[in-house]
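# Residue-level structural notes
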Amino acid sequence: MAHQTALGTHLLDNPVWAALDGPHAGFAEQFGRAARYPADVYAFAALADPADPAAWADLHALLGPGATAKVKGVESVPDGWDVIGGGQGVQLVATGLLRTEPAPEAVRLGAGDVPEILDLIARTRPGPFLARTVHLGTYLGIRHQGRLIALAGERLRLPGWTEISAVCTDPAHRGRGLGTRLVRAVAAGIVERGETPFLHAAAHNSTAIRLYESLGFTLRRRTTILQVRAPGTDAGAEAL
């Protein structure tokens, strides 16, 4: 199947690796069986197989001693690695009930819009968005009197699938269905490419999860996010 790895594991079980080893290979900083996005694009690393000690050795070589990274879908770490933070999330996938349609009032956002995007992200906190995240895919926004008030776009892209992310609306403009219109519009572009939309949300964000389910997404799995520290001491920190 196109959506399976050679080992039979679904690509969505390890989406960051599937993206960096696939459609987002142009962003990948890779060493062997470990890869990561640039720090100003998306603050995640991934392993080809989290159960493979050799992949963790490659991640150590990629990050450097004492460096940190966020990883998804990892339940435990090898000896010498430290878990310094983390959280729980959910992964949802689109079903045939998801209605996709353009949003005529939406505009395509690019690098020149990043300051406004970051301001809206800071006020609404939908999840991580960095200086060059906008380059990962199509981001759409809605403006009111020239000011950006709603946003949604594409983040992880893997064979057959694209993640919808950064769905947020200015608190003063909520209740008007802006987020719904943008999700449907972003999904329309994904479906036109022959791909299936999916998304992630914090496990405790029941409001967002109910909204996505009402739009036609269904819960696929619960996910774990860990922030890990590589073994060893950073040489620069040691010098200080």
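Residues numbered from 1 in each chain as written. Predicted model: local features only at pLDDT ≥ 70, side-chain atom pairs only at ≥ 80, totals over all residues. Heavy atoms only, no water.

### Some remarks on the side chain of Thr180
Under the convention used in this document: Segments assigned H or I by DSSP are reported as helices when at least four residues long, segments assigned E as strands when at least two residues long, and all are numbered from the N terminus. Two residues form a contact once any of their heavy atoms are found within 4.5 Å.
Note on placement: Thr180 falls in helix 4 (residues 178-192). Every residue in contact with Thr180, bar those within four places of it in the chain, is listed here: Leu211 and Leu215.

### Overview of helix 4
Along an α-helix, residues three or four positions apart point the same way, because every turn accommodates 3.6 residues. What counts here: Expected helix span is taken as 1.5 Å per residue step, with the number of steps being one fewer than the number of residues. A 1.4 Å probe rolled over the protein chains alone gives each residue an accessible area, and that area as a share of the maximum for its type sets the label: buried under 20%, exposed over 50%, partly exposed in between.
Between the first and last C-alpha of helix 4 there are 21 Å, a value that for 15 residues agrees with the 21 Å anticipated at 1.5 Å per step. The buried count for helix 4 comes to eleven of 15 residues, which makes it a mostly enclosed element. Tucked inside the fold, the buried residues of helix 4 contact strand 7 (139-144), strand 8 (147-158), strand 9 (161-169), strand 10 (196-202), helix 5 (206-215) and strand 11 (217-229). Looking at the residues trailing helix 4, positive phi occurs at Gly194, about 85°.

### Things to note about the sheet that holds strand 3 (residues 45-47)
Selection criterion: Being paired, for any two strands, means DSSP has found at least two bridges between them. Axes here refer to lines fitted to C-alpha atoms; in helices the fit is confined to the stretch in contact. Angles between the N-to-C directions go from 0 to 180 degrees.
With antiparallel pairing, the three strands of this open sheet are ordered in space as 1-2-3. This sheet does not close on itself; its edge strands, each paired only once, are strand 1 (29-31) and strand 3. Strand-to-strand twist of the sheet, defined as the mean angle between neighbouring strand axes without regard to direction, takes the value 15°. Sheet analysis places strand 1 next to strand 2 (residues 34-36), joined by three bridges and oriented antiparallel. Its bridge partner lying in strand 2, Glu29 is registered against Arg36. On the sheet, helix 2 (residues 53-63) packs against strand 1, strand 2 and strand 3 and is oriented at approximately 40° with respect to strand 2.

### Remarks on the pairing of strand 8
Looking down a regular strand, the side chains alternate between one sheet face and the other. Of all twelve residues that make up strand 8, ten are buried, and the element is covered over most of its length. Where strand 7 lies against strand 8, six bridges are found, and the strand directions are antiparallel. Along strand 8, the bridge assignment pairs Gly141 with Leu151. Here strand 7 folds back onto strand 8, and the loop between the two strands holds two residues, one of which, Gln145, carries a positive phi near 55°. As judged from the six bridges shared by strand 8 and strand 9, these two strands associate in the antiparallel manner. Along strand 9, the bridge assignment pairs Gly153 with Ser165. Hairpin connection from strand 8 to strand 9: two residues lie between these consecutive antiparallel strands, with Gly160 at a positive phi of about 85°.

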